[in-house]
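Summary of structural features
Spelled out from the first residue to the last, the chains are:
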Amino acid sequence: MRFRSFVLPFGACTWPYPLALSGVETPVNLALVEATYARESPLEISKRVLIVDDEPNVVGVLLEFFARFQHGHAYDVVPAYSAAEALDILLRGAFDLILLDLVIPGIGGRWKQGLDLLKRIRDLGVNAPVLMMSGGWDTRKEAEALTAGAVGYLHKPFNLPDLDHSVALALGPRATGG
């Protein structure tokens, strides 16, 4: 069997590609082999994440953390700084994960704004997992968020290992790995 080297997508190392059992190079054989190896590439398609928080510093920290995660794929992170902006963004595209602050401007009572947005998100039919975020440690708020459909609750200030673990769990078994 003959081998030929190609550079993998995403700037990965060079791999030998078997071209055909007959040893004849054809465009069809090359395409089939390249498609097979592309599926095994260490970097998969991006996961889209919506971060809803009115504090630019928090959004900045989360952007930095998502850039460091090594879950086998890249993250396309979109920030929203209000409930209205988040709803507008959600109406224009799908997301794999939503991080939602409990206290955001735009709707509801002082600390229930994020919960009101979570309920609206679910009413729109958005089924993406939601991780609620808060700087407070009120177990009543945490229980209400989980009852309203959040899959987890993150406490600010964040630490990278906890956030990494929560994101991996929320996205399922294919996200674990780092």
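Heads up: the structure comes first, above all this text.
What you are looking at is a predicted structure, and each value in this text was computed from that prediction instead of being measured.

For the rest of this paragraph, the subject is the pattern of salt bridges. Applying the stated criterion to the full structure yields five salt bridges. Between Arg-48 and Asp-76 there is a salt bridge, with the nearest N and O atoms lying 3.2 Å from each other. Highlighted residues: Arg-48 in strand β3 (residues 44-52) and Asp-76 in strand β4 (residues 73-80), separated in sequence by 28 residues. Arg-48 gets classed as partly exposed once you look at its relative accessible area, which sits at 28%. Exposure remark for Asp-76: the relative accessible area of 32% places this residue in the partly exposed category. One salt-bridge network, in which partners are shared between bridges, spans Asp-53, Asp-101 and Lys-156.

Moving on, we come to the packing of helix α2 (residues 56-68) against helix α6 (residues 160-171). Their axes nearest at 11 Å, the elements α2 and α6 cross at an angle of 70 degrees. Comparing their axes, α6 and α2 come out roughly perpendicular. Classified by chirality, the crossing of α6 by α2 is right-handed. Within the contact between the two elements, α2 uses Leu-62, Phe-65, Phe-66 and Arg-68 and α6 uses Leu-160, Leu-163 and Val-167. For the contact of α2 with α6, the residue count by class is six nonpolar, no polar and one charged.

The next subject is the packing of aromatic side chains. If you walk through the whole model with that rule in mind, you get three aromatic pairs. Geometrically, the ring pair formed by Phe-66 and Phe-69 is edge-to-face, given 5.1 Å between the ring centres and 70 degrees between the ring planes. Side by side, Phe-66 and Phe-69 carry an identical accessibility label, which is buried. Judged by centre distance (4.9 Å) and plane angle (75 degrees), the ring pair of Phe-66 and Tyr-75 falls under edge-to-face.

This part is about the packing of helix α3 (residues 83-92) against helix α4 (residues 113-123). It is at 11 Å that the axes of α3 and α4 come closest, and there the two elements cross at 15 degrees. Between α3 and α4, the interaxial angle falls into the category roughly parallel. As α3 runs across α4, the sense of the crossing is right-handed. Contact residues: Ala-83, Ala-86, Leu-87 and Leu-90 in α3; Leu-117, Arg-120 and Ile-121 in α4. Classifying every residue of the contact of α3 with α4 by side-chain character gives six nonpolar, no polar and one charged.

Here we come to the environment of Leu-97. Looking at the element boundaries, Leu-97 is found in strand β5 (residues 97-101). With 49 residues separating them along the chain, Leu-97 and Arg-48 place their C-alpha atoms 6.7 Å apart. Setting aside residues no more than four positions away along its own chain, Leu-97 makes contact with Arg-48, Val-49, Leu-50, Phe-66, Ala-128, Pro-129, Leu-131, Val-167, Ala-170 and Leu-171.

Time to look at α6. Helix length check: α6, at twelve residues, gives a terminal C-alpha distance of 16 Å against a target of 16 Å (1.5 Å per residue), a fit within 8%. Turning to α6, its buried residues are Leu-163, Asp-164, Ser-166, Val-167, Ala-168, Ala-170 and Leu-171. Downstream of α6 by one or two residues, Gly-172 has phi in the positive range, about 95 degrees.

Calculation rules
- Residues numbered from 1 in each chain as written.
- Predicted model: local features only at pLDDT ≥ 70, side-chain atom pairs only at ≥ 80, totals over all residues.
- Heavy atoms only, no water.
- Salt bridge = Lys/Arg side-chain N within 4 Å of Asp/Glu carboxyl O.
- Helix = DSSP H or I, 4+ residues; strand = E, 2+ residues; numbered from the N terminus.
- Buried < 20%, exposed > 50% of the residue type's maximum accessible area, 1.4 Å probe, protein only.
- Axes fitted to C-alpha atoms, helices over the stretch in contact; angles between N-to-C directions.
- Parallel < 35°, antiparallel > 145°, perpendicular 65-115°, else oblique.
- Left-handed = near helix turned anticlockwise from the far one by under 90°.
- Contact = heavy atoms within 4.5 Å.
- Nonpolar A, V, L, I, M, F, W, Y, C, P; charged D, E, K, R; others polar.
- Phe/Tyr/Trp six-rings, centres within 6.5 Å; stacked < 30°, edge-to-face > 60°.
- Expected span 1.5 Å × (residues − 1).

From the geometry alone we can't say anything about function, so treat these as descriptive.
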